[in-house]
Amino acid sequence: MTTSTRSAPDEDEYDFLPLRLPREVSRVTAAMRLTIEAEFGGWELSRVRLYTDGSRRVLLRRKRTKTSGMLPPDATKGL
């Protein structure tokens, strides 16, 4: 008997953004926040975990580019 392995994308190709949403955040508000992150940040939903206390842990991902993680030149002014 052979087992097939699922080809997972290489983690080095993605940037990950973990979010923790408290239980007070409604489902509509959570959806709006995730939509904004997806629309303007280029993030996509990777995983959602709902805990028994009502909080959610969300993992977003996006394709890594050559410029991801770099600060704009004026971001360090005033430090």
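Everything numeric in this text was worked out from a predicted model, so none of it was measured.

Caption draft 1: Layout of the sheet that holds strand β2 (residues 44-50). The three strands are arranged β1-β3-β2 in an open sheet whose pairing can be described as antiparallel. Looking at strand neighbours, the two that pair on one side only are β1 (14-21) and β2, the edges of this open sheet. Pairwise comparison of adjacent strand axes, ignoring direction, gives a mean angle of 20° for this sheet. Across six bridges, the pairing between β2 and strand β3 (residues 56-63) is antiparallel. What sits directly across from glutamate 44, in β3, is arginine 61.

Conventions adopted
- Residues numbered from 1 in each chain as written.
- Predicted model: local features only at pLDDT ≥ 70, side-chain atom pairs only at ≥ 80, totals over all residues.
- Heavy atoms only, no water.
- Pairing = 2+ DSSP bridges.
- Helix = DSSP H or I, 4+ residues; strand = E, 2+ residues; numbered from the N terminus.
- Axes fitted to C-alpha atoms, helices over the stretch in contact; angles between N-to-C directions.

Read these as geometric descriptors, not functional statements.
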